[in-house]
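Chain and residue survey
Here is how the chains run, residue by residue.
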Number of protein chains: 4
Amino acid sequence: MTYIGVIGGARCTSVEKKLAEEVGREIAGQKAVLICGGRGGVMEAAARGARRAGGLVIGILPGHDRREGNPYLSVSLATGLGDARNAIIACACDVLIAIGGGYGTLSEIGLALKMGKPVVGLHTWNLDRPGHGDDIHRAAGAREAVMLAVKLARLPIGNAP
Amino acid sequence: MTYIGVIGGARCTSVEKKLAEEVGREIAGQKAVLICGGRGGVMEAAARGARRAGGLVIGILPGHDRREGNPYLSVSLATGLGDARNAIIACACDVLIAIGGGYGTLSEIGLALKMGKPVVGLHTWNLDRPGHGDDIHRAAGAREAVMLAVKLARLPIGNAP
Amino acid sequence: MTYIGVIGGARCTSVEKKLAEEVGREIAGQKAVLICGGRGGVMEAAARGARRAGGLVIGILPGHDRREGNPYLSVSLATGLGDARNAIIACACDVLIAIGGGYGTLSEIGLALKMGKPVVGLHTWNLDRPGHGDDIHRAAGAREAVMLAVKLARLPIGNAP
Amino acid sequence: MTYIGVIGGARCTSVEKKLAEEVGREIAGQKAVLICGGRGGVMEAAARGARRAGGLVIGILPGHDRREGNPYLSVSLATGLGDARNAIIACACDVLIAIGGGYGTLSEIGLALKMGKPVVGLHTWNLDRPGHGDDIHRAAGAREAVMLAVKLARLPIGNAP
């Protein structure tokens, strides 16, 4: 089974919200596990899309109270780690899809790429540094992003657990 | 829904293994989520018991590779945090059941009690320090331990998510 | 140089406070680095003893604001990790001295022993589990505790950095 | 006292190394504490510059063995947290200076900006996302970077500890 992270802002535009919900639905359609930060905005929209399509959604929260998770999580995990929980999201996934996002999302992109996890981007950060390419895989829409993520995932689909 | 942690050694006796499997089965029977460290021994036996009874089991691993999780996990979360992941297990649960265990389990008991999470004990550490009581709730068997855990859980059953 | 952790409660008895201050002074006398949780009680007393004897004291705080550190720290490190910072204290030291303490200290003892770091105890937890010994090295006083800690430290004194 | 983080790659160009060493020297000249990831490249050069100018340098390592720290650290702290230690570096500092850097550095920039810590950049990432500015403060050289960092630091110099 593939574990796909969906990262993005707790506040987002309506375009990002719509994209996130579609991404969630497509992830559920692929029978992949959706992992996110468990809060609002992009995280909540993706979770809603996935759950409504019968998917499994894990929220990895920064705080101590799992009731802070959005209402669409299958499992809400309170870590108590603050922003250090971003490293867990990157570590736990096979591949991540970034939708919009602020500095928290930027840190997750950096952590994921540092760990060698592929990142698919939708309306998200452009990375630029002399001598570095931008290793984010760009997708034009939600379905393309999930197809690309599944293809890029390092653990082949069907691999346990 | 109640989140019950099951903590114990990656190596354990056959008595502990049997207890852990029963505890897992009872947790699934209560429709509670079982959270564990994802490795072998007590963690694997509890996961096996729960999954065979249709339960949901989350393993929170110390390492970077989720394939290190035991084969009975519903979701295997690689944190990359090493032993610091013990704090996440304590934080994510409403109540914990300790079965046997070594120093890692002792640390999880300490972290849980520090965070105000009740701990139910089966053949586990006795705590003793002048002026301190031993706040572990002792149970005589697997079923009693899970009943006690459900009762002690701070979030009432049915509470979202 | 040896790194010695001093762990104990943020609240403590006057006997523990006196012991902690002596332990801090002896650590400074050994030219060892004192690492602690940076808060009050035992941590503050040990830091005070060490600084007054010219020692170097690092406080590893659970919160986000380094001004929460006690006034005797040479360096106050805010981790933002909550109780998961206990694992860093255990990891960063060569050996730990536990003075009194509650459940947080118990968790640090467990984490340290799990990581193979020796623990010296002064008026602290007794560990008891059938089939397990109590691996805490008991000392009768502050000076003996520090001498024992230096001897038990796995990295020989003088080893860089 | 101001705590200034210096972040950058474990591998770097000779230009970056020279800049980092100058930055370290200037930080020591300001009587500020230098915090870094404790490894090679930019981290080692900055540590060397600071120590040679009499400064205090704390290395916060990802691994379990403090001997992995570079030889110029005053204190080498093994966290055992892997890349999650990047969040501690961001949390522990008042302000950060990014010199060159790869994805790990990018994640630290994101974490710092998320936590509201100012970031000064020297030959480092350009951030770009429609609707977002690039909040990195650019400096033309080492001395200017440190002057700017000191000015931006949220805790006024001289504040304890």
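Residues numbered from 1 in each chain as written. Chains lettered and ligands numbered in written order. Predicted model: local features only at pLDDT ≥ 70, side-chain atom pairs only at ≥ 80, totals over all residues. Heavy atoms only, no water.

Looking at an unreviewed UniProt entry, one finds chain A named TIGR00725 family protein, with Desulfofundulus thermobenzoicus as its source organism.

1. Things to note about helix α2 (residues 42–52) of chain B
Residues and elements named next belong to chain B. With eight of 11 residues buried, α2 lies mostly within the body of the structure. If you check which residues of α2 are buried, you get V42, M43, A45, A46, A47, R48, G49 and A50. Contact partners of the buried residues in α2: β1 (3–8), α1 (14–29), β2 (33–36), β3 (56–61), α3 (85–92) and β5 (95–99). Just downstream of α2, G54 is the residue with a positive phi angle, here 85°. (Buried < 20%, exposed > 50% of the residue type's maximum accessible area, 1.4 Å probe, protein only. Helix = DSSP H or I, 4+ residues; strand = E, 2+ residues; numbered from the N terminus. Contact = heavy atoms within 4.5 Å.)

2. Let's talk about the sheet that holds strand β5 (residues 95–99) of chain D
Residue and element names in this part refer to chain D. Across the sheet, which stays open at both edges, the seven strands sit in the order β4-β3-β2-β1-β5-β6-β8 with parallel pairing between neighbours. The two strands at the open ends of the sheet, each matched to only one other strand, are β4 (75–78) and β8 (137–138). Here helix α1 (residues 14–29) sits on the sheet in contact with β1 (3–8), β2 (33–36), β5 and β6 (119–122), set at roughly 155° to β5. Contacts from helix α2 (residues 42–52) reach β1, β2, β3 (57–61) and β5 within the one sheet, and its direction differs from that of β1 by about 145°. (Pairing = 2+ DSSP bridges. Axes fitted to C-alpha atoms, helices over the stretch in contact; angles between N-to-C directions.)

3. What about unusual backbone geometry?
Even without a glycine there, the phi angle at H123 of chain A is positive, about 55°. With a phi close to 60°, K31 of chain B is a non-glycine residue in the positive phi region. K31 of chain B sits in the exposed class, given a relative accessible area of 66%.

4. Describing the relation of the copies chain C and chain B
Superposition record for chain C on chain B: RMSD 0.0 Å, screw rotation 180°, translation along axis 0.0 Å. The two molecules are tied by a two-fold rotation axis, judged by turn and shift. No C-alpha of chain C lies nearer the rotation axis than that of S107 of chain C, which sits 2.0 Å from it. Here 100% of the interface residues in chain C have copies in chain B that are interface residues too; the copies meet face to matching face. (Least-squares fit on C-alpha atoms with pLDDT ≥ 70 in both.)

5. Describing the interface of chain A and chain D
How big an interface is tends to be expressed through the accessible area that disappears when the partners come together. Every contact between the two is made by 28 residues of chain A and, on the other side, 28 residues of chain D. Summed over the three residues of chain A that lose the most area to chain D, namely D83, Y103 and R129 of chain A, the buried surface amounts to 30% of that side. Counting every contact that joins chain A to chain D gives four salt bridges. Across the pair K114 of chain A and D83 of chain D runs a salt bridge, and its minimum N-O distance is 3.1 Å. On inspection of chain A and its partner chain D, the count reaches 10 residue pairs in polar contact (both at pLDDT 80 or more). Counting residues per element, the ones that place at least two in the side of chain A that touches chain D are α3 (85–92), α4 (103–114) and β7 (126–128) of chain A. (Buried area = accessible area lost by both parts, 1.4 Å probe. Salt bridge = Lys/Arg side-chain N within 4 Å of Asp/Glu carboxyl O. Polar contact = N/O pair within 3.5 Å; in protein donor to acceptor, adjacent residues only side chain to side chain.)

6. With respect to the interface of chain C and chain B
Taken together, the contact pairs 28 residues of chain C with 28 residues of chain B. In total, about 2400 Å² of surface goes out of reach between chain C and chain B, with carbon and sulfur atoms giving 60% of it. Of all residues in chain C, D83, Y103 and R129 of chain C give up the largest surface area on contact with chain B, accounting jointly for 29% of the area buried on that side. Where chain C touches chain B, the interface holds four salt bridges. At the boundary of chain C and chain B, one finds 10 residue pairs in polar contact (both at pLDDT 80 or more). At the level of elements, α3 (85–92), α4 (103–114) and β7 (126–128) of chain C are the ones that each hand at least two residues to the side of chain C that touches chain B. Looking at which element gives the most residues to the side of chain C that touches chain B, the answer is α4 of chain C, with eight residues. Of the residues in the side of chain C that touches chain B, the class split is nine nonpolar, 12 polar and seven charged. (Nonpolar A, V, L, I, M, F, W, Y, C, P; charged D, E, K, R; others polar.)

7. Focus: the relation of the copies chain A and chain D
Look at the two chain copies: a rotation about an axis and a shift along it is all it takes to match them. With an RMSD of 0.0 Å, chain A superimposes on chain D once it is rotated by 180° and translated 0.0 Å along the axis. When you check the interface residues of chain A against chain D, 100% turn up at the interface there too, and the contact is symmetric in its surfaces.

8. Describing the sheet that holds strand β4 (residues 75–78) of chain B
Residue and element names in this part refer to chain B. If you trace the seven strands from one edge of the open sheet to the other, you get β4-β3-β2-β1-β5-β6-β8, paired in parallel fashion. This sheet does not close on itself; its edge strands, each paired only once, are β4 and β8 (137–138). In this sheet, β2 lies alongside β1 in parallel orientation, the contact comprising three bridges. Residue pairing in the sheet places G5 in a bridge with I35 of β2. Contacts from α1 reach β1, β2, β5 and β6 (119–122), with the element oriented near 155° to β5. Its contacts with the sheet place helix α4 (residues 103–114) against β1, β5 and β6, and it is angled at close to 145° to β1.

9. Some words on the side chain of R85 of chain D
Residue and element names in this part refer to chain D. With respect to the secondary-structure elements, R85 resides in helix α3 (residues 85–92). An unpaired buried charge is present at R85: no salt bridge exists, and E108, the closest side chain of opposite charge, is 4.6 Å distant. Only 2.7 Å separates the side chain of R85 from the side chain of N86, close enough to count as a polar contact. R85 has contacts with G37, R39, M43, I60, L61, P62 and T79, leaving out every residue within four places of it along the chain. (Lys, Arg positive; Asp, Glu negative; His and termini not counted.)

10. Examining the side chain of E16 of chain A
Structurally, the position occupied by E16 of chain A is in helix α1 (residues 14–29). A relative accessible area of 7% places E16 of chain A in the buried class. Apart from the residues within four sequence positions on either side, E16 of chain A is in contact with V42, I99 and G100 of chain A together with R129 of chain D.

11. As for the packing of α3 of chain C against α4 of chain C
Residues and elements named next belong to chain C. In contact at an axis separation of 9 Å, α3 and α4 are set at 45° when each is read in the N-to-C sense. Judged by the angle between their axes, α3 and α4 are oblique. Judged by the twist between their axes, the crossing of α3 over α4 is right-handed. Across from N86, A87, I89 and A90 in α3, the residues of α4 making contact are G104, S107, E108, L111 and A112. Residue composition of the contact of α3 with α4, grouped by class: five nonpolar, three polar and one charged. (Parallel < 35°, antiparallel > 145°, perpendicular 65-115°, else oblique. Left-handed = near helix turned anticlockwise from the far one by under 90°.)

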